[in-house]
Amino acid sequence: DSRALGYDVLHIVQGWFEDQGDGEGARAVRELLPLLTETADAQAGVGMLLREAASLLAARMQKKEDRDNLLIRDIEDYLADNYRDENFTVQRAADHFHLSISNLSHYFKNHAGVSVSEFVEDLRIRLAQEMLLQTPRSVAEIARAVGYAQSATFMRAFKKVCGLSPTAFRSRKAAPCAEDERESV
């Protein structure tokens, strides 16, 4: 019977909201019960219930997506503010957001499309490119300024991303090379 289907839908949707820890959503679903009990035409009541339940789910999914986008922006901002610290670690970023390294890493990769380490490396290499072309600072000074404790680590990372050593990049006045690789950063 149509009403039984409606009750099943209410139960399933309410359970989903409860599983998500969304008490407000679960309450909103319970408030749809009169559509089944107070509508004379059972099929019309179920139809209204399905439309309202779908609308509630869509609104909650949009809220979750908005929260996800806000969190990614917050993480990216935190990384941009802290990548120059040579003591920066993914652990410190995870601690800042009260997440485990694994959760932060998976979440960031799934939403930003690159790993936290790749994102930080890209920020560092971009700044290093600017500094190489616009300042007379030594490679070692630039390495420290962009967050690398060891010049050798910086030179390996720079060559991996740009295909040139920092010195060759500077002498050729090469065009920035990290942009092609990760445009979303």
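Please refer to the structure placed before this passage.
This report concerns the structure included in the present document. Here the structure is a predicted model, which is why all the values come from computation and not from measurement.

**Looking at the pattern of salt bridges**
Under the definition given, this model contains seven salt bridges. Each of the salt bridges in this network shares a partner with another, and the network as a whole consists of Asp22, Glu24 and Arg60.

**Observations regarding the packing of helix H1 (residues 2-19) against helix H2 (residues 23-30)**
Interaxial distance between H1 and H2 falls to 7 Å at its minimum, and their mutual angle equals 165°. Between H1 and H2, the angle falls in the class roughly antiparallel. Our pair here, H1 against H2, has a crossing hand that is left-handed. Between H1, through Leu10, Val13, Gln14, Phe17 and Glu18, and H2, the contact on the second element is made entirely by Gly25, Ala26, Val29 and Arg30. By residue class, the composition of the contact of H1 with H2 is five nonpolar, two polar and two charged.

**Observations regarding the side chain of Arg60**
Residue placement: Arg60 occurs in helix H4 (residues 42-82). We classify Arg60 as buried; its relative accessible area is 13%. Excluding residues within four positions of it along the chain, Arg60 makes contact with Phe17, Asp22, Glu24 and Gly25.

**A few points about the environment of Glu18**
With respect to the helices, strands and loops of the structure, Glu18 is situated in helix H1. If we ignore the near neighbours within four places in the chain, the residues touching Glu18 are Ala26 and Arg30.

**Quick notes on the nonpolar core**
Leu79, Phe108, Ile125, Val146, Phe154 and Phe158 are the most contacted members of the largest nonpolar core, which has 37 residues in total. Where this core is concerned, the elements lending two or more residues are H4, helix H5 (90-96), helix H6 (101-112), helix H7 (116-134), helix H8 (139-145) and helix H9 (151-162). By residue number, the principal contributor to this core is H7, which donates nine residues. Look past the residues within four positions of Phe108 in its chain and what remains in contact with it is Ile72, Ile75, Glu76, Leu79, Gly113, Val114, Ser115, Val116 and Phe119. Among the nonpolar cores identified, the runner-up in size contains 14 residues, and Val13, Ala28, Leu36 and Leu49 belong to it.

The rules behind these values
Residues numbered from 1 in each chain as written. Predicted model: local features only at pLDDT ≥ 70, side-chain atom pairs only at ≥ 80, totals over all residues. Heavy atoms only, no water. Salt bridge = Lys/Arg side-chain N within 4 Å of Asp/Glu carboxyl O. Axes fitted to C-alpha atoms, helices over the stretch in contact; angles between N-to-C directions. Helix = DSSP H or I, 4+ residues; strand = E, 2+ residues; numbered from the N terminus. Parallel < 35°, antiparallel > 145°, perpendicular 65-115°, else oblique. Left-handed = near helix turned anticlockwise from the far one by under 90°. Contact = heavy atoms within 4.5 Å. Nonpolar A, V, L, I, M, F, W, Y, C, P; charged D, E, K, R; others polar. Buried < 20%, exposed > 50% of the residue type's maximum accessible area, 1.4 Å probe, protein only. Core = buried A, V, L, I, M, F, W, Y, C linked by side-chain atoms within 4.5 Å.

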